[in-house]
Amino acid sequence: MSKFSLNTLGKLLADKSGLSQVEAELFIRKMFDVCNQGLDADKQVKIKWLGTFKVQATKDRESINVNTGERFTIEGRDKLTFTPDNILKEIVNKPFAQFETVVVNDGVDFDEIDEKFGEEQTEDAPAQVIDFLDEEKTATPNPEVVVIGSEKEKEKEAEDELAKQIAIEQAKLERLKQAQLEQERIQKEKQEQERLEQERLEQERLEQERLEQERLEQERLEQERLEQERLEQERLEQEKLELAQQQQALKAVVEPAVPASDESEEEEEEEESSNSHHIVIPRYLVVAVCLIVVALIGGMGWFAFNYGQMTAQRDHLAMQLNLYHQAPAKKVPAKPAAAPLSQEQKLRQKAMEDSIRMAKTAEAVKLAENSDEESANAEKAKQAEAKAKAEAKEKAKDKAEEKATSKIASSQYDKDARVRTGAYRIIGVAQTVTVGAGQTLEQISTRYLGSGMECYVEALNGTSTVKAGQKIKIPKLELKKKKK
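Residues numbered from 1 in each chain as written. Predicted model: local features only at pLDDT ≥ 70, side-chain atom pairs only at ≥ 80, totals over all residues. Heavy atoms only, no water.

### With respect to the nonpolar core
Counting residues in hydrophobic clusters, the biggest one holds eight residues: Tyr413, Val419, Ile426, Met453, Cys455, Tyr456, Ala459 and Leu460. If we skip the residues at most four places from it in the chain, Leu460 touches Tyr413, Ile426, Gly428, Val429, Lys473, Ile474 and Pro475. (Core = buried A, V, L, I, M, F, W, Y, C linked by side-chain atoms within 4.5 Å. Buried < 20%, exposed > 50% of the residue type's maximum accessible area, 1.4 Å probe, protein only. Contact = heavy atoms within 4.5 Å.)

Here it is, written out as structure tokens:
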């Protein structure tokens, strides 16, 4: 069994982990100190991937001296045992995997062999070996292994020096760590300021674009309002002309063809001049309204007359019924007892006839009113039809003007061969956008029109290069019709 000194273990640990020799030896000392404290407290220490150290108490036992043959008693003591972890066991036994396992019978005592093997190892041990665990308290000390007091003091001084060096190194590491943290904090603050500045610039750009879009929207709404006013004015003028034509046609139909005198001509001119400042109402509408009013008045008078007659008849019948009930009862034979009932039935029948007559009268009045409403609805339908025709004419006129305007605008940009031979023609401006930082004309064209459409944007704006903040017009395109 070979033994390693503290220096050898420290050197091996330093080579494996990259620590210094002093740090490695200090680590090994601290590890054994912790193991000793654990064994004193719990009698057991388990280290993962290494194994388990356990303190076991042995009883007194008898043994025989091999040389003299005398029997003597070995006192009981605490023995430290070590059970390796499975991983360590596999690593250690890997070189001996080719050997076969031999089963040993129970009851075999290996204490004497262990003691003899321990004595041989003690005799063959090299100088300056430090045993951290003294298993045999009664063993004879070897003068070559004893550590002198001065060497202990040197080791203590070396430990103190090592502790100072470790403290200095830790302070340096702490200062470096603080400096690194401060540098990272400054870098983060700088990045945060840059991010906030970029967000502010982006917000300003978006605000400018929003204001520009609002201004364009207001201009578009103002143009639409003016266009609607113009169309409304033209429609009113058209209606006035149509009404004047209808009035003249009505005059020609109603009035006889009589040569007009100078006075009548002057009066007509005065009337026309006075009516030019007011709304002109056709004469046939006035006649129709008058007829409707007369019919309503006549219907109401006729209904009032019939209602008065029916009321008078009802009062007369009620009076006769009261007189009949007040008259003294006559002695009548048993069979003709139904005579007063027949009189009452007659009165009821007459009342029913009167109610039927009143219902017929009300139905006639309702029919007259419906006929008047139908005539008014027919007049309104004629007016709506005339208005729809006027609007259709106006729309056709607007379409023709727009088509002519688009043709003129398209011919202006046909000078560019790409536009002239392309599938679309430019008929106007769809919208105006502001060029952002880093944007190109191709990117703007791809965003609003699609890929390969930059020739239309260049033709409309007259340039192929743009810069940030420049206003660019986006063309309004129309698909060209295929020639048959």
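### Looking at the packing of helix 10 (residues 441-448) against helix 11 (residues 454-461)
Two elements in contact, helix 10 and helix 11, have axes separated by 8 Å at closest approach and are oriented at 110°. Looking at the two axes, helix 10 sits roughly perpendicular to helix 11. Where helix 10 crosses over helix 11, the two elements pack in a sense that is right-handed. Contacts between helix 10 and helix 11 involve Leu441, Glu442 and Ser445 on the former and, on the latter, Glu454, Val457 and Glu458. In terms of residue class, the contact of helix 10 with helix 11 is built from two nonpolar, one polar and three charged. (Axes fitted to C-alpha atoms, helices over the stretch in contact; angles between N-to-C directions. Helix = DSSP H or I, 4+ residues; strand = E, 2+ residues; numbered from the N terminus. Parallel < 35°, antiparallel > 145°, perpendicular 65-115°, else oblique. Left-handed = near helix turned anticlockwise from the far one by under 90°. Nonpolar A, V, L, I, M, F, W, Y, C, P; charged D, E, K, R; others polar.)

### Brief notes about a negative patch on the surface
On the surface, a cluster of negative charge is contributed by Glu153, Glu157, Asp160 and Glu161. Along the chain, Asp160 falls in helix 5 (residues 149-254). (Patch = residues over 30% accessible without salt bridge, like charges linked within 9 Å, V, L, I, M, F, W, Y side chains within 5 Å. Areas by Shrake-Rupley, 256 points an atom, 1.4 Å probe, with all protein chains shown as cover. Salt bridge = Lys/Arg side-chain N within 4 Å of Asp/Glu carboxyl O. Lys, Arg positive; Asp, Glu negative; His and termini not counted. Charge placed at Lys NZ, Arg CZ, Asp CG, Glu CD.)

### A short note on helix 10
Turning to helix 10, its buried residues are Leu441, Ile444 and Ser445. End-on, the buried residues of helix 10 take up no more than an arc of 100°, which puts them together on one face. Among the exposed residues of helix 10, those pointing more than 90 degrees away from its buried face are Glu442 and Arg447. On its buried face, helix 10 is in contact with strand 6 (424-434), helix 11 and strand 7 (471-479). Following helix 10 by one or two positions, Gly450 has its phi on the positive side, about 115°. (Arc of directions from axis to C-beta.)

### Looking at the pattern of salt bridges
Here the idea is simple: oppositely charged side chains can pair when their charged atoms come close. What the rule picks out here adds up to 25 salt bridges. Arg210 is paired through a salt bridge with Glu214; the nearest N and O atoms lie 2.5 Å apart. Here Glu214 and Arg210 lie together in helix 5, a separation of four residues that amounts to about one turn. The partly exposed category is assigned to Glu214, whose relative accessible area is 35%. Linking Arg220 and Glu217 is a salt bridge whose minimum nitrogen-to-oxygen distance equals 2.2 Å. In this pair, Arg220 and Glu217 are both assigned in helix 5, three residues apart and thus about one turn of the helix distant. Salt bridges sharing common partners tie together Glu212, Arg215, Glu219 and Lys471.

### Things to note about helix 2 (residues 21-42)
Between its first and last C-alpha, helix 2 extends 32 Å over 22 residues, near the 32 Å set by a 1.5 Å rise per residue. Turning to helix 2, the residues buried within the fold contact helix 1 (6-17), strand 1 (44-47), strand 2 (51-57) and strand 5 (78-84). Two residues or fewer past helix 2, Lys43 is found with a positive phi of approximately 65°. (Expected span 1.5 Å × (residues − 1).)

### Topic: the environment of Gly469
Inspection of the secondary structure puts Gly469 in the loop between helix 11 and strand 7. Relative accessible area serves as the criterion here: at 49%, Gly469 is assigned to the partly exposed category. Residues Gly469 and Ala437, 32 residues apart in the sequence, show an inter-C-alpha distance of 7.8 Å. Discounting chain neighbours no more than four positions away, the residues touching Gly469 are Thr434 and Val435.

### Examining the packing of aromatic side chains
By the definition in use, this model includes three aromatic pairs. Their ring planes at 20° and their centres at 6.3 Å tell us that Phe303 and Tyr307 sit as a pair that is stacked. Here Phe303 and its partner Tyr307 are both found in helix 7 (residues 283-326), four residues apart, which amounts to about one turn of the helix. By relative accessible area, Tyr307 is classed as partly exposed at 45%. Consider the rings of Tyr424 and Tyr456, whose centres lie 6.4 Å apart with planes at 85°: the pair is edge-to-face. Remark: Tyr456 occurs in helix 11 and Tyr424 occurs in strand 6; sequence separation between them is 32 residues. (Phe/Tyr/Trp six-rings, centres within 6.5 Å; stacked < 30°, edge-to-face > 60°.)

### Points about the side chain of Glu212
Mapped onto the elements, Glu212 comes out in helix 5. There is a polar contact of 2.3 Å between the side chain of Glu212 and the side chain of Arg215. (Polar contact = N/O pair within 3.5 Å; in protein donor to acceptor, adjacent residues only side chain to side chain.)

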